[in-house]
Amino acid sequence: MKSAIGEKFTRIDHPDVSNQLYAFYAQGKDTLAMKAVVGEEALTDDDKRFLEFLDMFENKFLRQGPYDQRDIFDSLNLCWDLLRVFPEKLLKKIDPKNLEKFYRRKDDTFQQKKEEYEEAKAK
């Protein structure tokens, strides 16, 4: 798969984003398992951030609705929205040039979508 992603095929940030998402997803799964043993009260703020990412990744990215039509560029933009859960300094698998170009973009619609998601989750 790695031979078909990147600047000439999708977008320059695709490989970095993919690697960072995979790493954070694995950390989120590990944190979820740890939560089952120690309880939520024992989790650090970083642990809770990984759980928030895990929940959003699974429910907003992986569980794309049957009528949602998202191309690769929309998917990459959504990935950046998910990665913004973390401080920039934790995105160690992302090239600094890509961080500069994509991490700092502010998208008000993401904050709105996040709030809508939180409201729906609370119901």
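Above this text you will find the structure in question.
> Explain the pattern of salt bridges to me, please; I cannot follow it from the model alone.
Oppositely charged side chains can form a pair if their charged atoms are brought close together. On inspection of all chains with the given rule, the structure shows five salt bridges. The salt bridge partner of Asp13 is Arg11, with a shortest N-O separation of 2.7 Å. We classify Arg11 as buried; its relative accessible area is 14%. Among the ionic pairs, Asp81 bridges to Arg84, the shortest N-O distance being 2.6 Å. By relative accessible area, which is 8% here, Asp81 ends up buried.

> Please clarify how the packing of aromatic side chains should be interpreted in this entry.
Two measures describe an aromatic ring pair: the distance that separates the ring centres and the angle between the ring planes. Summed over all chains, the structure comprises nine aromatic pairs. Between Tyr25 and Phe57, the ring centres sit 5.1 Å apart and the planes meet at 50°, which makes this aromatic pair tilted. Highlighted residues: Tyr25 in helix α1 (residues 14-38) and Phe57 in helix α2 (residues 45-62), separated in sequence by 32 residues. What makes Tyr25 partly exposed here is its relative accessible area of 22%. In textbook terms, an aromatic cluster arises when at least three aromatic residues are bridged by ring pairs, as seen for Phe24, Tyr25, Phe50, Phe53, Phe57, Phe61 and Phe86.

> What is the right way to look at the packing of α1 against α2 in this model?
The packing of two helices is summarised by the inter-axis angle and the distance between the axes. In the contact formed by α1 and α2, the axes pass within 8 Å of each other and the chain directions differ by 115°. Between α1 and α2, the angle falls in the class roughly perpendicular. Read as a crossing pair, α1 and α2 show a hand that is left-handed. In this structure, α1 contributes Leu21, Phe24, Tyr25, Gln27, Gly28, Lys29, Thr31, Leu32, Met34 and Lys35 to the contact, and α2 contributes Asp47, Phe50, Leu51, Phe53, Leu54, Phe57 and Glu58. Of the residues assigned to the contact of α1 with α2, the class counts are 10 nonpolar, three polar and four charged.

Rules behind the numbers
Residues numbered from 1 in each chain as written. Predicted model: local features only at pLDDT ≥ 70, side-chain atom pairs only at ≥ 80, totals over all residues. Heavy atoms only, no water. Salt bridge = Lys/Arg side-chain N within 4 Å of Asp/Glu carboxyl O. Buried < 20%, exposed > 50% of the residue type's maximum accessible area, 1.4 Å probe, protein only. Phe/Tyr/Trp six-rings, centres within 6.5 Å; stacked < 30°, edge-to-face > 60°. Helix = DSSP H or I, 4+ residues; strand = E, 2+ residues; numbered from the N terminus. Axes fitted to C-alpha atoms, helices over the stretch in contact; angles between N-to-C directions. Parallel < 35°, antiparallel > 145°, perpendicular 65-115°, else oblique. Left-handed = near helix turned anticlockwise from the far one by under 90°. Contact = heavy atoms within 4.5 Å. Nonpolar A, V, L, I, M, F, W, Y, C, P; charged D, E, K, R; others polar.

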